Amino acid sequence: MKPKSQLAGMSAAPRDASAQRAAKRRLGWQSEPAGEVAVRLAHRYIDAACEAADRITNDSDPEALHDFRVALRRLRSALRAYRSSLKKPPKKIRRQLKRVVRATSTGRDAEVFLAWLATQSSLSATEQAASEWLRKRLETMRNAAYEQLRTRVLPDFTALAQQLRRALAAIQDHFGQVNDPRFGTIRMLDALPDQRAI
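## Brief notes about the packing of helix α3 (residues 34–58) against helix α8 (residues 125–172)
Packing of α3 against α8 leaves a shortest axis separation of 10 Å and a crossing angle of 160°. Our classification of the angle between α3 and α8 gives roughly antiparallel. Relative to α8, the crossing made by α3 is left-handed. Only Tyr146, Arg150, Leu154, Phe157, Ala161, Leu164, Arg165, Leu168, Ile171 and Gln172 of α8 make contact with α3, whose side of the interface consists of Val39, Ala42, His43, Ile46, Asp47, Ala49, Cys50, Ala53, Ile56 and Thr57. Each residue belonging to the contact of α3 with α8 can be placed in one class, and the counts come to 14 nonpolar, three polar and three charged.

In structure tokens, the structure reads:
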């Protein structure tokens, strides 16, 4: 532990301008209608997933599949977390999103295992032979998963993203007609303990 004299002279690191702008934007969202913010978040995650899907198709980035899965997970979480403000996008779309995520698991698991295998340096001759056999199997699995991603999963996702954008546009058309709570209120209520037990 640092002496008190050293701690007294320390101050919080100054925040850079971009961090301050980001904080202001987040605070601005607090007073906006929850549905509008939720739709913007959903669009942001759809855009991120589409951009990662392009990188998977072009084979330009080894992290593309990971980024695709993260964007889909965030999209599904946003749809679930703000379902009261989004008036529930169609169940069929939510189920299809879940299927897309599931279809990416094999490829990503193979990538993670291959990365781990590459770090195993102090192996005996027998272990090296087994490691080489496993590496080839994992590469075959990964390549097959990527082929399925490029030929079936990503085209399905592209169509699904368009359906979801249309559903979000339809939801957005009703924002002026309903009394939508503020985004900050929804966030605050989510943070509170469940009041139904009281």
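## Overview of helix α7 (residues 105–118)
Given a rise of 1.5 Å per residue, 14 residues ought to cover 20 Å, and the 20 Å separating the end C-alpha atoms of α7 matches this to within 8%. Every buried residue of α7 is accounted for by Gly107, Arg108, Ala110, Glu111, Leu114 and Leu117.

## Quick look at the pattern of salt bridges
Enumeration according to the criterion identifies seven salt bridges in this entry. Between Asp47 and Arg165 there is a salt bridge, with its nearest N and O atoms 2.6 Å apart. One end of the pair, Asp47, is in helix α3; the other, Arg165, is in helix α8, and 118 residues separate them in sequence. Judged by its relative accessible area of 26%, Arg165 is partly exposed. The shortest N-O distance in the salt bridge between Arg135 and Glu139 comes to 2.7 Å. Remark: Glu139 and Arg135 occur in helix α8; sequence separation between them is four residues, near one turn of the helix. A relative accessible area of 26% means that Glu139 is categorised as partly exposed. Three or more residues are tied together by salt bridges with common partners; here these are Glu51, Arg55, Asp61 and Asp67.

## Concerning the packing of helix α4 (residues 64–81) against helix α6 (residues 91–103)
It is at 10 Å that the axes of α4 and α6 come closest, and there the two elements cross at 155°. The angle between the axes of α4 and α6 places the two elements in the roughly antiparallel class. Seen along the crossing, α4 lies across α6 with a hand that is left-handed. Facing α4, whose interface residues are Phe68, Arg69, Leu72, Leu75, Arg76 and Leu79, α6 presents Leu97, Lys98, Val100 and Val101. Broken down by class, the residue content of the contact of α4 with α6 amounts to seven nonpolar, no polar and three charged.

## With respect to the confidence of the model for the chain
Fine structural detail should not be taken from predicted coordinates in areas where pLDDT scores are low. Looking at the chain as a whole, the pLDDT averages 78, with 69% of positions reaching at least 70. Confidence drops under pLDDT 50 across residues 4–14; counting only partners more than four residues distant or on other chains, this segment forms two contacts. For the stretch residues 185–198, pLDDT sits under 50, and the model shows seven contacts to residues farther than four places along the chain or on other chains.

## Describing the packing of aromatic side chains
Enumeration over the complete set of coordinates arrives at two aromatic pairs. Where Phe68 meets Phe157, the ring centres are 5.2 Å apart and the plane angle is 90°; that geometry is what we call edge-to-face. With a gap of 89 residues between them, Phe68 in helix α4 and Phe157 in helix α8 connect regions that are remote in the sequence. The class of Phe157 is buried, set by a relative accessible area of 2%. Here the aromatic rings of Phe113 and Trp116 are separated by 5.5 Å at their centres, their planes lie at 45°, and the arrangement is tilted. Note that Phe113 and Trp116 are positioned in helix α7 at a spacing of three residues, about one turn of the helix. Here Trp116 falls in the partly exposed class, since its relative accessible area comes to 46%.

## Some words on a positive patch on the surface
Residues Arg80, Arg83, Lys91, Lys92, Arg95, Lys98, Arg99 and Arg102 make up a contiguous surface patch of positive charge. No other element matches α6, which puts six residues into the positive patch. Topologically, Arg80 is positioned in helix α4.

About the criteria used
- Residues numbered from 1 in each chain as written.
- Predicted model: local features only at pLDDT ≥ 70, side-chain atom pairs only at ≥ 80, totals over all residues.
- Heavy atoms only, no water.
- Axes fitted to C-alpha atoms, helices over the stretch in contact; angles between N-to-C directions.
- Helix = DSSP H or I, 4+ residues; strand = E, 2+ residues; numbered from the N terminus.
- Parallel < 35°, antiparallel > 145°, perpendicular 65-115°, else oblique.
- Left-handed = near helix turned anticlockwise from the far one by under 90°.
- Contact = heavy atoms within 4.5 Å.
- Nonpolar A, V, L, I, M, F, W, Y, C, P; charged D, E, K, R; others polar.
- Expected span 1.5 Å × (residues − 1).
- Buried < 20%, exposed > 50% of the residue type's maximum accessible area, 1.4 Å probe, protein only.
- Salt bridge = Lys/Arg side-chain N within 4 Å of Asp/Glu carboxyl O.
- pLDDT = per-residue confidence, 0-100.
- Phe/Tyr/Trp six-rings, centres within 6.5 Å; stacked < 30°, edge-to-face > 60°.
- Patch = residues over 30% accessible without salt bridge, like charges linked within 9 Å, V, L, I, M, F, W, Y side chains within 5 Å.
- Areas by Shrake-Rupley, 256 points an atom, 1.4 Å probe, with all protein chains shown as cover.
- Lys, Arg positive; Asp, Glu negative; His and termini not counted.
- Charge placed at Lys NZ, Arg CZ, Asp CG, Glu CD.

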